[in-house]
Amino acid sequence: MEIKKKIHKFVIFIISPGEYHYKNIVLSILGINLFRIIFHKLQEFIKNSFYFLFLNKRQTDKKLLDILEKDGLIMIPNFFKEKKFKTMERNCKKILDSLAWKKFRNNGGLIKTISIDEYSSGKEKREIFEIFTKNMIIKNLILEDMKVLFYWNPRVVLQEIYFPKGTKDLDDSVQILHSDRFVKHLKVFFYLNDQNEDNGAYVYAKKTHRYNLHRVFHEIEMDFRMSKNYLLRKHKLKTDKLHNSNYNEIRPFFQNILKVKPFSVNGKKNTLVVSNNIGFHARGKMLEKRRRIQIRIQYQYLTINIFKILFINVLNFFLKNFLKKKKILFN
């Protein structure tokens, strides 16, 4: 049994998207992230070349794709027709009503969240999953922008956050402007209620998804700072003032030189947002007695390299339903 667990752990390590930071001070001093960025850019060039040669025939909305590639973010209001949205809204409410509130962070907030995949049971869950995974506007944008060679359906996450009267939305590390990876990957947000600065609308800095020399220096500096602060926390020593839990705030020098200008991505319900999360982003703060209801879809699992993809396909061939059992791939 112990050997099985070790094999399982090793397989998950092999197939999962790589960590943003290794948090190893020695590797950081040696400039590990510079070599990782160079390797990734080389791999991206090869992948994109294959894509243009063999798969560049998808019917993607060119205007939307151009905006996404230029700004790193697009918003599409009134995404679904009214009748379809109302049906989806009812389904989401029914699912959320069946869930118990859980503690959100340590600041008095409450959360309901559920992951829905192709193996989920229940009519409402299946309908929500199919509405988003079969939508060709979303799918083609993801495939075209990320130049995807192999594709698996993602998980669809339904989430509601609420701050009761008398609570304050403070000290949440994801409210710090941050990037999720140093590689391009997309995330979809769908607004099930109106969202603005009062109820924690998504915050994004346009055009920060682009790479230049300053961004490379930021990634090297950030990697060193992550490793340093991780080491300090491990030995119960004080970290620097830009550190908060698992995130580090962008150094003001880089925020200025990279022209990081965040804005609140406000929108009415039935708005779809597609974001390139290599760009700097955050969760907006929520006022008391406010709630935020969203569908969220992560596509960072599509960033895995060709060797991992081949390994997964081999495993899936010999071990049926491998992807069903190894949901960590989609985290």
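In every chain, residue numbers begin from 1 and rise along the written sequence. Reporting in this predicted model follows two pLDDT cut-offs: at least 70 for local features of residues, and 80 or more for side-chain atom pairs to be given and counted; totals over whole chains, interfaces and linings ignore these cut-offs and use all residues. The basis for every side-chain value is the complete set of non-hydrogen atoms in the structure, without hydrogens or water.

Asker: Give a description of the layout of surface pockets that names residues and reports values.
Answerer: Roughly 420 Å³ of internal volume is contained in the second largest pocket. Cavities and pockets were defined on a 1 Å grid built over protein atoms only: a cavity is a set of grid points that admits a 1.4 Å probe from which the probe cannot escape, a pocket is an open set flanked by protein on both sides within 12 Å along at least five of seven lines, and lining residues are those with an atom within 4 Å of any such point. Taken together, 24 residues line the second largest pocket, and the ones lying closest to its centre are Gln43, Lys47, Leu149, Asn305 and Ile306. The element best represented in the lining of the second largest pocket is helix H3 (residues 32-54), accounting for 9 residues. Residue polarity is assigned by list, with Asp, Glu, Lys and Arg as charged and Ala, Val, Leu, Ile, Met, Phe, Trp, Tyr, Cys and Pro as nonpolar; anything else, Gly included, falls into the polar class. Across the lining of the second largest pocket, the residue classes break down as 16 nonpolar, 4 polar and 4 charged. Grid points are joined across faces, edges and corners, and a volume is the space filled by probe spheres set on the points. Only runs of H or I of at least four residues qualify as helices and only runs of E of at least two qualify as strands under DSSP, and these elements are numbered from the N terminus.

Asker: Let's hear about the sheet that holds strand S11 (residues 281-283): which residues, and what values?
Answerer: Note on pairing: two strands pair once DSSP finds at least 2 bridges between them. Ordered in space as S9-S6-S11, the 3 strands form an open sheet in which the pairing is antiparallel. Each having just a single partner strand, strand S9 (262-264) and S11 make up the two edges of the open sheet. The average angle at which neighbouring strand axes cross in this sheet is 25°, direction not considered. With axes taken as lines fitted to C-alpha atoms, and helix axes fitted only over the stretch in contact, angles between N-to-C directions fall between 0 and 180 degrees.

Asker: Break down the nonpolar core for me, citing the residues and quoting the values.
Answerer: Side-chain atoms within 4.5 Å are what join buried Ala, Val, Leu, Ile, Met, Phe, Trp, Tyr and Cys residues into a set we call a nonpolar core. Partly exposed residues are those whose accessible area sits between 20% and 50% of the maximum for their type, while under 20% is buried and over 50% is exposed, using a 1.4 Å probe and protein chains only. Counting 46 residues, the largest nonpolar core has Met88, Ile128, Phe132, Phe190, Leu272, Ile295 and Tyr299 as the members making the most contacts within it. Every residue pair with non-hydrogen atoms within 4.5 Å of one another is taken to be in contact. Among all residues touching Leu272, those that are not within four sequence positions of it are Ile74, Met75, Ile76, Phe79, Phe132, Ile138, Val188, Phe189 and Phe190. One finds Leu177, Val260, Phe280 and Ala282 within the second-largest nonpolar core, a separate group that totals 9 residues.

Asker: Can you tell me about the packing of aromatic side chains, naming the residues and giving the values?
Answerer: How two aromatic rings sit relative to each other is set out by the distance from centre to centre and by the angle between their planes. For this analysis, a ring pair means two rings from Phe, Tyr or Trp (six-membered ring only for Trp) whose centres lie within 6.5 Å, classed as stacked if their planes differ by under 30 degrees, edge-to-face if by over 60, and tilted for the remaining angles. Within the structure shown, the criterion is met by 13 aromatic pairs. Aromatic side chains Trp101 and Tyr162 sit 6.1 Å apart centroid to centroid with 45° between the ring planes, which places their arrangement in the tilted category. Residue Trp101 is located in the loop between helix H5 (82-97) and strand S2 (102-104), and its partner Tyr162 is located in strand S4 (residues 156-163); the two are separated by 61 residues in the primary sequence. One aromatic cluster in this structure is built from Phe79, Phe80, Phe85, Phe132 and Phe190. One cation-aromatic arrangement involves Arg215 over Tyr211; the distance from NZ or CZ to the ring centre is 5.6 Å. Sitting over the face of the ring of Tyr162, Arg291 holds its NZ or CZ atom 4.3 Å from the ring centroid. The criterion for a charge sitting over a ring is simple: Lys NZ or Arg CZ within 6 Å of the ring centre, and within 35 degrees of the ring normal.

Asker: Give me the lowdown on empty space enclosed by the protein, citing residues and values where you can.
Answerer: Per the counting criterion, the structure on display carries 1 cavity of 30 Å³ or more. Approximately 40 Å³ is the volume attributed to the largest cavity. Along its surface, the largest cavity is lined by Lys23, Met226, Asn229, Tyr230, Arg233, His243, Ser245, Asn246 and Asn248. The element that contributes the greatest number of residues to the lining of the largest cavity is helix H8 (residues 213-234), accounting for 4 residues. Class assignment for the residues of the lining of the largest cavity results in 2 nonpolar, 5 polar and 2 charged.

Asker: Describe the packing of H3 against H8, listing the residues and the values that go with them.
Answerer: Between H3 and H8, the least distance of the axes is 8 Å, while the angle of their chain directions is 135°. When the interaxial angle is binned, H3 and H8 end up oblique. Seen along the crossing, H3 lies across H8 with a hand that is right-handed. In contact with Ile32, Asn33, Leu34 and Ile37 of H3, H8 contributes Val216, Glu219, Ile220 and Asp223. Comment on the angle field: the value is read as roughly parallel under 35 degrees, roughly antiparallel over 145, roughly perpendicular from 65 to 115, and oblique elsewhere. Each crossing is labelled by how the near helix is turned from the far one, with a counterclockwise turn of less than a right angle marking it left-handed and a clockwise turn marking it right-handed.

Asker: Outline the confidence of the model for the protein, supporting the account with residue identities and numerical values.
Answerer: The pLDDT value expresses, per residue, how confident the predictor is, ranging between 0 and 100. Per-residue pLDDT for the protein averages 89, and the proportion of residues at 70 or more is 92%. The model gives residues 325-331 a pLDDT under 50, and that stretch makes 22 contacts with residues more than four places away or in other chains.

Asker: Residues and numbers for the sheet that holds strand S3 (residues 109-116), please.
Answerer: Ordered in space as S1-S10-S5-S12-S4-S3-S2, the 7 strands form an open sheet in which the pairing is antiparallel. One side of each edge strand has no neighbouring strand; the edge strands of this open sheet are strand S1 (73-76) and S2. Recorded for the sheet is a direction-independent mean angle of 25° between the axes of neighbouring strands. Contacting S1, strand S5 (186-191) and strand S10 (272-276), helix H7 (residues 136-146) crosses the sheet at an angle of about 155° to S5.

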